[in-house]
Amino acid sequence: MPLRSPSPSPWPGPLHAEMHVLLALSGRGCLVLRHVVMGSHSPCAHTPCAPPAPTGAKRTLAASGSQPSNGPEPGGQQLKTRTLSGMASKTTTTITPKRIAHSPSLQSLKKPIIPKEFGGKVPTVIRQRYLNLFIEECLKFCTSNQEAIEKALNEEKVAYDRSPSKNIYLNVAVNTLKKLRGLAPSAVPGLSKTSGRRVVSHEVVLGGRLAAKTSFSLSRPSSPRVEDLKGAALYSRLREYLLTQDQLKENGYPFPHPERPGGAIIFTAEEKRPKDSSCRTCCRCGTEYLVSSSGRCIRDEECYYHWGRLRRNRVAGGWETQYMCCSAAAGSVGCQVAKQHVQDGRKERLEGFVKTFEKELSGDAHPGIYALDCEMSYTTYGLELTRVTVVDTDVHVVYDTFVKPDNEIVDYNTRFSGVTEADLADTSVTLRDVQAVLLSMFSADTILIGHSLESDLLALKVIHSTVVDTSVLFPHRLGLPYKRSLRNLMADYLRQIIQDNVDGHSSSEDAGACMHLVIWKVREDAKTKR
C-alpha cells in the first residue's frame, strides 16, 4: 500500500510536527532532524533534496552542505558554531610554530629623515629609500640601534658626496648595499637558519624540476665562442668598429698637413685670428688676458671657474641649466679659484707631429690591440703631456711613464690629471722619447682604443687613423658635440665606479676601462649575431 502525503489535520500542533518529521526523515534526514532538535513545530516548505552522500561519508559534511531553511532558527548559529569547531578540531594540525627571537626593524625605530634640498643632484625620495635599506642591513650586525643608524647615515652621505648625478648615485648605493650585506653574519651554505629549507636558485624555480638535471647544447662551428675572442679573432672583430674617415674628421682627429712636413691639420678647428698675438682666452673661465713673449701672464689675476660641465635638470615649470660641480646656475661666479688663467693651445700649434707607418708581420701575427690614455698639465704653452699609459687586451700595463713638458708648468691640473709636482721632480723623459717608443710599439694597422682619443693623440703629437673610440661607440643621445663621459659609461654598462679618487684621475685606470668597455661591446654583439 503506497504512502500518501500528510494532509492538513485538526490534530494538535506537536503531534502534527512529529508525524511530519517521521514521514520526511528518509528524504531529508539530517535537515528535518535539525528542526526537531531546535524545537521548531511550524510546517516548513519543501526544498530540493541534495544527492545522497557516498557510502562512508561523514554526516557532518552532509549537514554543512545542505541549504538553510527560510524561517528563523533560534539557536542555529550556536549549533553551526559547534559543528564547525568540531570539524576544525579534526582537520587542523596540532603543531605549534617555533618562536622567533625579536629583531629590531625600521617600524620599531625612529627613522632619520633626509632634509629636502632644492635643486639637489639626487631626489630626496631616492636617498631616503636607500637610507632605509642601509639601516635594515646595519641592524643585522651592529651592536645597538644607534650605531646602526649612524653607520647607515655615514654610508649614505659618502655615496651622495661621491656621485655627481643620479645615475652615479644609484650605482654607488647598490655597491654600498652589497658591501653591507656582506658584513652581516653569513648562514650555512645552501641552508637557511630561519626556515631550515634548502635554498633553490631562481633558474631552478623557472625551469622546473628537470632544469638542474637537463642540459642543451648547439654546435655552431662557423661562429667562435665568445670566450675565444682573443688575439687574431678579436682583432678581426674590432675592425668592424673602426672609425671611418668621416668620423675621424668630425671628431677632430689630426691628419697629416698636405704642405708642411711634421705639421697636422684638424678639420673641426675654427680659424680664429687673434687681434693681438699676446692676447689669450682662458679655457676655464673664458676671460681674455695678456701674456709676455715667454707665455707667462703679464698681470697676476686669479681665475674663478667651474670645473664641472653644464647639465640640464628638470625643475618645476621647465628646465634649468646647472653646473655639475656645485649645482650653480649657468653664468654664476666660479666655485673654484686658480692663481692665473690658462689656455689649451693644442689646436693652435700643430707642429712636431709623427705618423705611424706600415710594418711587415710574420706568420699568423696581428698588428696588435692596445688601449691608451694620457694626462696633461697646463704650461706657458698650453696643455702638454705629463703622463702616458698603454695597456694590452688583458688590461696589463705595457708602457707607463711620466713625461717632462718642454715648457714651464703653471698648473699641474691635479684634479683631472692626478699628476703632482713630486711626480715630475725626477723625470727626464721627454715627448720625443715617448714618440720613439710608441712608433716602435705600434704600426699603422695597430688598433688603438681610447675615450675621445683625438685629445690624447694631439697631446702625443701622433697621427694614427686605426682607432676605436668609446665616445663614438657609445654615443650621446643628442649627438655631437655632446659626448658621454667614461665614468658614466662604466657605471651604466659594467656597473663599475671609476675616477672616484680625490687625488685625481689615473691614466692606467682610464685605459683599462676603455679596454673593458670595448671587449664587453664586442662580446655582447657576438651573442646577438650567433
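Residues numbered from 1 in each chain as written. Predicted model: local features only at pLDDT ≥ 70, side-chain atom pairs only at ≥ 80, totals over all residues. Heavy atoms only, no water.

- Per an unreviewed UniProt entry, the recorded name for the protein is RNA exonuclease 1 homolog, and the organism is Pan troglodytes.
- Its UniProt record gives the protein a comment under Sequence similarities (unreviewed entry), which states: "Belongs to the REXO1/REXO3 family."
- The UniProt entry for the protein carries the following text under Subcellular location (unreviewed entry): "Nucleus". (UniProt positions renumbered as here; feature names shortened; annotations may be inferred.)

**Side note on the pairing of strand E10 (residues 369–379)**
Logical step 1: Burial analysis of E10 places eleven of its eleven residues in the buried class, which makes it a mostly covered element.
Logical step 2: Inspection of the sheet shows E10 paired to strand E14 (residues 447–450) by three bridges, in the parallel sense. What sits directly across from Ile 369, in E14, is Ile 447.
Logical step 3: Strand direction decides the pairing type here: E10 and strand E11 (residues 383–391), joined by eight bridges, are antiparallel. By the bridge assignment for E11, Leu 372 is matched with Val 390.
Logical step 4: Hairpin geometry of E10 and E11 is characterised by an intervening segment of three residues between the two adjacent antiparallel strands and by a positive phi of about 140° at Gly 382. (Buried < 20%, exposed > 50% of the residue type's maximum accessible area, 1.4 Å probe, protein only. Helix = DSSP H or I, 4+ residues; strand = E, 2+ residues; numbered from the N terminus. Pairing = 2+ DSSP bridges.)

**Observations concerning the environment of Glu 509**
Logical step 1: Its location among the elements puts Glu 509 in helix H15 (residues 507–529).
Logical step 2: Look past the residues within four positions of Glu 509 in its chain and what remains in contact with it is Ile 498 and Gln 499. (Contact = heavy atoms within 4.5 Å.)

**A short note on the pairing of E11**
Along any regular strand, the residues point their side chains to alternate faces of the sheet.
Logical step 1: Burial runs high along E11: nine of the nine residues are buried.
Logical step 2: Where E11 lies against strand E12 (residues 397–402), five bridges are found, and the strand directions are antiparallel. Counterpart to Arg 387 in the pairing with E12 is Phe 402.
Logical step 3: Hairpin connection, E11 to E12: the antiparallel pair is bridged by five residues, and Val 395 has positive phi, about 60°.

**Focus on the confidence of the model for the protein**
Logical step 1: Here the protein shows a mean pLDDT of 77. Residues at 70 or above account for 69%.
Logical step 2: This model gives residues 53–77 a pLDDT under 50, and the stretch forms 16 contacts once residues within four places in sequence are excluded.
Logical step 3: A low-confidence stretch, residues 187–196 (pLDDT under 50), is modelled with eleven contacts involving residues beyond four sequence positions or located in other chains. (pLDDT = per-residue confidence, 0-100.)

**Focus on the nonpolar core**
Logical step 1: Leu 238, Ile 449 and Val 468 are the most contacted members of the largest nonpolar core, which totals 28 residues.
Logical step 2: When residues of this core are traced back to their parent elements, those giving at least two are helix H8 (231–238), E10, E14, helix H14 (486–493) and H15.
Logical step 3: In this view, Val 468 contacts Leu 238, Tyr 241, Leu 242, Leu 243, Ile 447, Leu 448, Ile 449, Gly 450, Leu 473 and Val 518; residues no more than four positions away in its chain are not counted.
Logical step 4: Counting residues in each nonpolar core, the second largest holds 27 residues, with Tyr 253, Val 342, Cys 374 and Tyr 378 among its members. (Core = buried A, V, L, I, M, F, W, Y, C linked by side-chain atoms within 4.5 Å.)

**Some thoughts on H8**
Logical step 1: Buried within H8 are the following residues: Leu 234, Tyr 235, Arg 237 and Leu 238. Within H8, the buried residues cover an arc of 165° as seen down the axis, which keeps them to one side.
Logical step 2: Among the structural elements, E10, E14, strand E16 (467–469) and H15 are those in contact with the buried residues of H8. (Arc of directions from axis to C-beta.)

**Here we look at unusual backbone geometry**
Logical step 1: Here the bond from Leu 480 into Pro 481 is cis, since omega is 5°, no more than 30 degrees from zero.
Logical step 2: Within the secondary structure, Pro 481 is located in the loop between helix H13 (470–473) and H14.
Logical step 3: Of note, the phi angle at Val 395 is positive, near 60°, even though the residue is not glycine.
Logical step 4: Structurally, Val 395 can be placed in the loop between E11 and E12.
Logical step 5: In this model, Arg 495 sits at a positive phi of 55°, which is unusual for a non-glycine residue.
Logical step 6: Of note, Arg 495 is situated in the loop between H14 and H15.
Logical step 7: Overall, Arg 495 belongs to the exposed group, its relative accessible area being 51%.

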